[in-house]
Amino acid sequence: METLNLQTLVSETGQALMAAGASDYYQRIFKTLGKQLLAYARIHETDVFSIDFGLQFLEEHYHMSEKVAAKKWPVIYSRCINFLSDYQRTGHIVLCFGVTKKAYTVPEGFQESTDEYLDYRKKISISDKTNQLSLLYLERFFAFLDGEGIHSPGCITLQNVHRFLKYIGSMEKSSICANMRAVRYYLKYCYENSYMENELFSKIPNVHYNRQSRLPSSYTSDEVSTLLKSVDLGNPCGRRDYAIILLIARLGLRSSDVAGLRMSDIDWEKERLRIIQKKTGNPLELPLLEDVGEAIICYLKTARPQTASDHVFIRQKPPYTGFEPGCVGALVCRYLQRSGIPTAGRKHGSHVLRHSLASRLLEHEVPLPVISEVLGHTSTETTMTYLRISIAELKKCALEVTV
C-alpha cells in the first residue's frame, strides 16, 4: 500500500474502523487519540507514522510504561495504534468481535488450502464457533502476509512468521497465543498436504499462556453497590444501563446474553428468566429477582424507544436496534471508571461482575453445583477454575457424598 501522510492515515483508518463495524465506543476513543497523535506529530515536526513513533507517543503523552507497571493501562490505546499500523500495512482493519455475523474473505491464493483445512477440522469434531475464530486469526495473518508481498502458502518463510509475531506483540498474551496457535496448525496442515515444501510447524515459537497463572478479578458487595449508585437514573440511558448492570451483577448473565435478551425470554407471571446461552447453546433458567424486574419494568415503561425490535435493550439513538455484546462490556467499564472504585490490578469489564457474584455466593457457602447452575457452566470443574480462590472457602461449599 502507498505511504500515507499521518493526517490521511488517521482519517482513513477511522473510516475503516466504521466500515469494519467497530463500536461507537471504539470509534470515539480512536477519534480522540487520533487528534492527540496529530498534535504530538506537529510538535515533533513529522507527518510520517511508524509503530515506533506510535509507541513513543503513548509513552510520552500517556506515560504508558508507568501505567502498565501499575496495571492501570487502558489497552484500547495500544489497539488504536495497532489499527493505524494495520491500515498502513494492509489497507484494511480486522476486528475481533461480531465473529458469528461477519462473512470473512480469504485471499484467492489461500482460499483452497483454508477451505480444506477448515473442512478437516470439522471432520475431527472442531466446533463451528472455534473454526470461525481460527478463520479470524488466519485472516489477520493473511492480511499481514499481503503487506509482505506473500500471496500463497508455498511462499511463506519462517522470517514472515517471526515478523508476524512481532507485529502482534502489543496484543494481550492470550490473543498472541490464540493467533499463533491458529497459524502454526494451519501451516502444519499445509505442509502435510503439499501446499508447502518447507516444514515450519516445529520451528515456530509455541507461545504459552496459562490462564491459571492469573488470579481472577472481583469486586466486593459494597463496591458493586457503589457502582450501581453511580448510574444516573434521571435520564433514559441511565435507566437502561442500570437494568443491564443489575442483570449481570445479580444474575451473573454474560454480556452476550444481556445483549441478546428478548421480550419472550421474560416470564413476568412466574417471575422467571429463560434464555438459550449464546456461548454454550444450553438453556438457562433463573429467578427474576425483584430489584432486577423493577429496573427492567422502569426502563421499558419510561426509557425504551418505540421500535419494532423485540430486543429488551435498545440503542437510545437511531437506528433503534439491539446491542452488540462488546457494547455491554464497554458500558460496564465506563461506569466502573466513573464510579471512583479503585480498579488498579483488576479487570473492569462485564465479566468481572459475573466473577464477583460467584465470589459472594461462595462466601455465603452456596454449594459449587448451585453456583455452576447460576453461571450457566456445564460442569463444576469450570466453576472451580473460574473462581480459583482459597481451598478453605471451597471446602465450606462442598456437598457431602454418600458412600
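Provided above is the structure to which this section pertains.
These lines cover the structure that appears in this document, whether it is placed above or below. (Residues numbered from 1 in each chain as written. Predicted model: local features only at pLDDT ≥ 70, side-chain atom pairs only at ≥ 80, totals over all residues. Heavy atoms only, no water.)

### Quick notes on the packing of aromatic side chains
- Taken as a whole and judged by the stated rule, the model has 18 aromatic pairs.
- Seen from their ring centres, Phe57 and Tyr62 are 5.8 Å apart, and the 85° between their planes marks the pair as edge-to-face.
- With relative accessibility at 10%, the residue Tyr62 sits in the buried group.
- Look at Phe164 and Tyr167: their rings are 6.3 Å apart centre to centre, the planes differ by 40°, and that puts the pair in the tilted class. On the criterion of helical spacing, the pair formed by Phe164 and Tyr167 is a turn pair, its members being 3 residues apart in helix 8 (residues 158–167).
- For Tyr167, a relative accessible area of 16% corresponds to the buried category.
- Taken together, Phe110, Tyr117, Tyr120, Phe141, Phe142, Phe144, Phe164, Tyr167, Tyr186 and Tyr189 form an aromatic cluster joined through their ring pairs. (Phe/Tyr/Trp six-rings, centres within 6.5 Å; stacked < 30°, edge-to-face > 60°. Buried < 20%, exposed > 50% of the residue type's maximum accessible area, 1.4 Å probe, protein only. Helix = DSSP H or I, 4+ residues; strand = E, 2+ residues; numbered from the N terminus.)

### Comments concerning the pattern of salt bridges
- Counted according to the given criterion, the structure contains 10 salt bridges.
- The shortest N-O distance in the salt bridge between Lys188 and Glu192 comes to 2.8 Å. With a gap of 4 residues between them, Lys188 and Glu192 both fall in helix 9 (residues 173–192), about one helical turn apart.
- Given a relative accessible area of 28%, Lys188 falls into the partly exposed group.
- A salt bridge links Asp310 to Arg262; the shortest N-O distance between them is 2.6 Å. You can see Asp310 sitting in the loop between helix 13 (290–302) and helix 14 (325–339) and its partner Arg262 sitting in the loop between helix 12 (255–259) and strand 1 (266–267), a full 48 residues away along the chain.
- Owing to a relative accessible area of 36%, Asp310 belongs among the partly exposed residues under this scheme. (Salt bridge = Lys/Arg side-chain N within 4 Å of Asp/Glu carboxyl O.)

### Side note on the nonpolar core
- Ile245, Leu247, Leu253 and Phe313 are the most contacted members of the largest nonpolar core, which totals 40 residues.
- Every element with two or more residues in this core is listed here: helix 10 (221–229), helix 11 (236–251), helix 12, strand 2 (272–276), strand 3 (283–287), helix 13, helix 14 and helix 15 (351–363).
- If we skip the residues at most four places from it in the chain, Phe313 touches Arg240, Ala243, Ile244, Leu247, Val258, Leu261, Tyr299, Thr321, Gly322 and Phe323.
- The next biggest cluster of nonpolar side chains, apart from the first, holds 32 residues, and it includes Ile29, Leu38, Tyr77 and Ile81. (Core = buried A, V, L, I, M, F, W, Y, C linked by side-chain atoms within 4.5 Å. Contact = heavy atoms within 4.5 Å.)

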